[in-house]
Amino acid sequence: MLRVVLLLICFTTAVHAEPSLEKLIAEMGSKNVRTRDFAYYELRRRKDVGVIPLLLAAAPNYEFRAQLHSVTLIGELPASKSLPALRTLSTAKSPYLRITAAAQLHKLGQKGVVPVMIAALREQGLTENELGYMLVRVKGIRDPGLGVALRALLRDDRKPSNVYWILMSGSVIGYQRGNGDAAKALVARSSSAGIRAVAAACLVAKRASEYESILADIMRTNRLDAGTFDRVRSFLDVGKRYPDAVLDAIADWAPEEPNAWLVVALIRFTAESGRSKNTDWIQGMVAHTDGRVVSAAVEALTALGVPLKAELLEKLLQSKDDGAALAAAQNLRRRDDLSGLRRAIAIVGSKSAQRSRAIEVIGEFRSAEAIEPLLACMSDAKPAIRDAALRALHKTLTGLFPYRRFDHRLGLPPEGAPATSREAAIAKLRAWWDSHKGDGW
Amino acid sequence: MNLDRDALDRGIRQASTSSTNHLANLRGPWNGFLRAGSDESGPRRFGRVSVVRWWWGLLICASLAQAQGASSVTDRSRNLESTLELALYPPSNPERCVMLLVDPSPSLKSAEFASLLAAVLERQRDPGAKLALGVAIVGAKGKPLEPGADAAAILAAVKQALLRPTAGVRDVYAELRNVLPRLAGTKGRREILLVTLENGDIETRLEATIADLNQLKVRVNVIAREAYLSDGYWTGSGRYRVKAPKGTTPTGPDAAFIELPAGWLFQYTRVNEAAPSGFAMYGLSRVASATGGRIRVYSPPAAKHQCGAFVSCAFCEGDHSPPNEGFRAARLKSIQPLIGAREGVYKTAASDPYFLAVLEAWDAAARAKLLETRPSVRIAGDTLALERSTANQALQFRGSSPKRWVRDAKNAAGKADKIAKKLKSAIATATGGSDRYRSVAELTYMMLRITRLNLLYLAAYAKEAGPVQFAKRRSRTTPPELPVVAKGDRIAGLYTRDFSLCHGVQPFLKLHLPGGAALKKELQELDQEYRDFLRRNAHTPFALALSRMSINCFQPARLAKKGKRPARKTSGSGADSANTRPERGGRSSGGSGTTTSGGR
């Protein structure tokens, strides 16, 4: 009887652990994103060629994202099995299936499929979202005909959308190859300041220095949103171009910008440039009402080597804003002044939202003073705090005892272990510290 | 090396009483003038006219003596474009014929030299230009571009050369001689603008080249990178390999010879090979100054600070921003290297009490096996002579016998202490020496002190932790600790970890180190001496070099469990890989203007 029960349990567990291919294929068509994604990842893990006929039958009825997933699944199977299926899908009615299958075939060396992609891109009635997903599939394919089709999508009447950003991020507007004519046309013609700014940034990254002042003018005269600036920044970062004109425009723009996140991005971009002149505006941000801006400003000034006055850092250290106080403590530590440690320890012991960061900061001091507060955090209810404390404590102990080696988990059981075993390990750790905190190696 | 000790002692005594050391080494007409003025034999020298002449001579010679230092001909910048513009189109802009001699190195390409040159030529485009510009490429076999006003041809020649840059070692002085005939018979002021960011440290016939240049009245301006302080990379154990072309002499430092002892026990980094000096290589500075030109030292935009070159930092995450790192022009001027002809520099050094004390300490330390180099020069009468070989066998701590290490380390520490004390007293009593050699002496003293401390730490480690960590039957450790030597590992000897002094000595006082109160007291004394050193030498290359010394931590060197060894990878072969000197430490700040925060 017991054997039968055990067998039944095993059987039901096995059935539960391994849903059938048919069930997973059906779940791929679910409207619930989680169900659909689970089925997709499970099928991906299994790499079962038996999925091909099932997908060929089911895919045309899927929602467009599931159709794209279906082709990816087939494409990851051995080429001998997947090639015929992909060829079939490249003639399907759905443009998503066609373009994705063609892109997979292209990846497998079938270069003659480019017209299929071009035809799919010219399909009428696609939404911006759908087109965006399709563009991601053809990214990186270098073909003159496809390039023409993609550039045709950069119409003047198209509003700034995901499609635009995808088209502008790669070789389409001639960033990696070509002469950048498409980008130049956008700067000249587009009615959207965002598009003009991103196209100009692309050209600046391509060493077209005459567009530096154009980009600076766009930034001065139009309020770019955070997303657009992020795209401008990514081009300039990739090209390692930080023109003085652009940095000066940022210096004019940032003090007027009400969006704190955007101000933080502007500060970080300036810090990335490494230009230490004209940083008065960043120094002004140290008095900002938003703690995130203050922290970013202090960190940027530290990175740029702009000396901050000791009185100002002292004031920040005592301020109510924990983020600013931690930034000041970090700044002082970098200058070999450990006076910020006390405040950081106080934040660790408080209920501040900055506790996790404060733990990280006191770990960087590598001071014996930080060990007791860190040991206290090891029993915290939040796993993130416990994890941060473990890392900080490991850093502190390896720093203070260079002649010893430590276990990277300091003898603590892995997350998910019973609380009693954790407490016992913490007690051992505490006992070790008590016996070694005196003099000696 | 057999150092003439009597000569050394005599030199120290004489130098302490001499007040005209530097002036006595001036060459040319002023030398004779000064000798006449200082000669005590003739009564006519005390006449009114001769006294006036004597003072005028002294003043002029003093100004010339100043001119012999590298500061007088060196400008520093982090902006290659403005440096280039200033070199090609100086404010006075007389009628000139300039040969642009470009050394096509990878760093010049990555600095985008061709596009910067294009921008400068575009900005300065003027139909009535007084500049005829030609282009020659270092190491190129083809014919140089004759001086003219064809900007497109100039740019094309430079771009072509930088298409495939090479990192080989090249003799730029030979190239200067090759270019010289192109300027013969040209109109206006004749100049060569040598742009070399990686070469200049392989010399051939330096003084003869200068004579040839002066004969044709050709002025040499140079754009170059900073040299490393007292750099002797080619004498090292192969970390920076160099294969000098046949018939050339490798030289590298900012000064005429290697002034600083290098290769101290336990130091992974030879600090003088990783500390930028603020000046260009001696040969380049010498050519520029002797022909009436200028040398423009270009430092690339500020790099991220590193607490040590090739060593770890025990006290930060690589985000340290040390207050003493940036150089200050006034301080650099006081410790500038001499860039007169080598014979004159040797004579000056041979009569400098600080340098003679360094030489003595260096020799004694080499005999005590505290470092792996012997002095680079020896006393030869009233001057110095270069040593051919400077390799020295330093102490070895091999095997796995901590008891023997205690004895050897204590003996060596005692010797280091004696040498350091003697050097300290020589520094205290010396008068009349130069600031540079005083800094060299002070840094040598600090190096001796740090070596002594490291030896004492080794002795303490071998006594306290060694028996535990080297024992055949290893004791068990309790969590959170792991055994330093894991079960099954074999011990291959002693392993040292270097912790740089970039944060000073103070943070080491908080670490749990062997040696107890006695060594803590030693550390406190070193901390005081470190602060005293910085008081005199902060914002100079010597402070930077000291901050790159390290205090060591010792451990058993472990060999992994027995098993199949992975196949050894062969490194890239070919002349270029053998000739390439890897990038060494730089400064995150300094270089432009009086201080230092690294503007662009």
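This structure is a prediction, so every number in the text was calculated from the model and none was measured.

What counts and how
Residues numbered from 1 in each chain as written. Chains lettered and ligands numbered in written order. Predicted model: local features only at pLDDT ≥ 70, side-chain atom pairs only at ≥ 80, totals over all residues. Heavy atoms only, no water. Helix = DSSP H or I, 4+ residues; strand = E, 2+ residues; numbered from the N terminus. Buried < 20%, exposed > 50% of the residue type's maximum accessible area, 1.4 Å probe, protein only. Contact = heavy atoms within 4.5 Å. Lys, Arg positive; Asp, Glu negative; His and termini not counted. Charge placed at Lys NZ, Arg CZ, Asp CG, Glu CD. Salt bridge = Lys/Arg side-chain N within 4 Å of Asp/Glu carboxyl O. Polar contact = N/O pair within 3.5 Å; in protein donor to acceptor, adjacent residues only side chain to side chain. Phe/Tyr/Trp six-rings, centres within 6.5 Å; stacked < 30°, edge-to-face > 60°. Lys NZ or Arg CZ within 6 Å of the ring centre and 35° of its normal. Axes fitted to C-alpha atoms, helices over the stretch in contact; angles between N-to-C directions. Parallel < 35°, antiparallel > 145°, perpendicular 65-115°, else oblique. Left-handed = near helix turned anticlockwise from the far one by under 90°. Nonpolar A, V, L, I, M, F, W, Y, C, P; charged D, E, K, R; others polar. 1 Å grid on protein atoms, 1.4 Å probe; cavity = no way out; pocket = protein on both sides within 12 Å on 5 of 7 lines; lining within 4 Å. Points joined across faces, edges and corners; volume = space filled by probe spheres on them.

Visitor: Which parts of the structure should I look at to understand the overall build of chain A?
Guide: Scanning chain A for helices and strands turns up 26 helices and 1 strand. In terms of principal-axis extent, the alpha carbons of chain A reach across some 85 × 75 × 35 Å. Per-residue burial for chain A yields a buried fraction of 51% across its 441 residues. Across chain A, the fraction of contacts at a sequence separation of at least 24, relative to all contacts at a separation of at least 6, is 59%. Counting 63 positive and 47 negative side-chain charges, chain A places the centres of these two groups 5 Å from one another.

Visitor: Can you walk me through the interface of chain B and chain A in this structure?
Guide: How big an interface is tends to be reported as the loss of accessible area on association of its parts. Opposite the 39 residues of chain B that make contact, chain A presents 33 residues. Linking chain B to chain A there are 6 salt bridges. At the surface where chain B touches chain A, the tally comes to 19 residue pairs in polar contact (both at pLDDT 80 or more). With 5 residues, the top contributor of residues to the side of chain B that touches chain A is strand S14 (residues 550-559) of chain B.

Visitor: Mind showing me how you'd approach helix H6 (residues 79-89) of chain A here?
Guide: Listed as buried for H6(A) are Ser82(A), Leu83(A), Ala85(A), Leu86(A) and Leu89(A). Where H6(A) is buried, its residues meet helix H4 (51-58), helix H5 (64-75) and helix H7 (95-107) of chain A.

Visitor: Would you mind showing me how to read the pattern of salt bridges here?
Guide: Opposite charge on two side chains permits them to pair, given that their charged atoms come into close proximity. Considering all chains together, one arrives at 58 salt bridges over all chains under this definition. Notably, a salt bridge pairs Lys23(A) with Glu27(A), separated by 3.9 Å at the nearest N-O pair. With Lys23(A) and Glu27(A) both in helix H2 (residues 21-28) and 4 residues apart, the pair spans about one turn of that helix. On the basis of relative accessibility, which here comes to 47%, the residue Lys23(A) falls in the partly exposed class. Salt-bridge contacts for Arg391(A) lead to Asp387(A); the nearest nitrogen and oxygen are separated by 3.4 Å. Here the residue Arg391(A) and the residue Asp387(A) both occupy positions in helix H25 (residues 383-400), the gap between them amounting to 4 residues, near one helical turn. Note on Arg391(A): relative accessible area 51%, which makes it exposed. Members of the salt-bridge network, linked through shared partners, are Arg333(A), Arg334(A), Glu364(A) and Asp319(B).

Visitor: Would you mind going over the packing of aromatic side chains with me for this structure?
Guide: How two aromatic rings sit relative to each other is set out by the distance from centre to centre and by the angle between their planes. Under the definition given, this model contains 20 aromatic pairs over all chains. For the pair Phe64(A) and Tyr133(A), a centre-to-centre distance of 5.4 Å together with 80° between the ring planes defines the contact as edge-to-face. Residue Phe64(A) is located in helix H5, and its partner Tyr133(A) is located in helix H9 (residues 128-138); the two are separated by 69 residues in the primary sequence. Given the relative accessible area of 9%, Phe64(A) is considered buried. A relative accessible area of 32% places Tyr133(A) in the partly exposed class. An aromatic cluster is built from Tyr403(A), Phe266(B), Phe397(B), Trp405(B), Tyr461(B), Phe470(B) and Phe554(B), whose rings are joined through pairwise contacts. Here the basic side chain of Arg76(B) rests over the ring of Phe279(B), its NZ or CZ set 4.8 Å away from the ring centre.

Visitor: Explanation requested: the environment of Val138(B) in the structure shown.
Guide: Residues and elements named next belong to chain B. Looking at the element boundaries, Val-138 is found in the loop between strand S3 (131-137) and strand S4 (145-148). Sequence separation of Val-138 and Gly-318 is 180 residues, and the distance between their C-alpha atoms is 38 Å. Setting aside residues up to four positions removed in sequence, Val-138 forms contacts with Leu-101, Val-102, Asp-103, Pro-104, Arg-170, Val-172 and Glu-175.

Visitor: Looking at this model, I keep getting lost on the packing of helix H16 (residues 244-253) of chain A against helix H17 (residues 260-273) of chain A. Mind explaining?
Guide: Angle between the axes and distance between the axes: these two values describe a pair of packed helices. Residues and elements named next belong to chain A. The geometry of H16 relative to H17 is characterised by a closest axis approach of 11 Å and an angle of 150° between their N-to-C directions. Relative to H17, H16 is oriented roughly antiparallel. Here the hand of the crossing between H16 and H17 comes out left-handed. Seen from H16, the contacting residues are Val-246, Leu-247, Ile-250 and Trp-253; seen from H17, they are Leu-262, Leu-266, Phe-269, Thr-270 and Ser-273. A per-class count over the contact of H16 with H17 returns 7 nonpolar, 2 polar and no charged.

Visitor: Just checking my understanding: could you explain unusual backbone geometry for this structure?
Guide: Negative phi is the rule for most residues except glycine; trans is the rule for most peptide bonds. Cis peptide bonds are those with omega within 30 degrees of zero, and the linkage from Pro479(B) to Pro480(B) qualifies with 10°. Residue position: Pro480(B) is located in the loop between helix H17 (466-469) and strand S12 (481-482). Despite not being glycine, Asp336(A) has its phi angle at roughly 65°, a positive value. For Asp336(A), the location among the structural elements is in the loop between helix H21 (322-334) and helix H22 (341-348). Overall, Asp336(A) belongs to the partly exposed group, its relative accessible area being 32%.

Visitor: Help me understand empty space enclosed by the protein in this model?
Guide: To locate leftover empty space, one rolls a probe as large as a water molecule over the atoms. Scanning the entire structure with this criterion turns up 3 cavities of 30 Å³ or more. For the largest cavity, the calculated volume is near 70 Å³. Forming the walls of the largest cavity are 13 residues, and the residues nearest its centre are Thr235(B), Ile258(B), Ala262(B), Trp362(B) and Thr373(B). Within the lining of the largest cavity, the residues separate by chemical class into 4 nonpolar, 6 polar and 3 charged. As a volume, the second largest cavity reaches approximately 50 Å³. Lining the second largest cavity, in full, are Leu43(A), Arg44(A), Lys47(A), Asp48(A), Val51(A), Leu73(A), Glu76(A) and Leu77(A).

Don't take any of this as a statement about function, it's just geometry.
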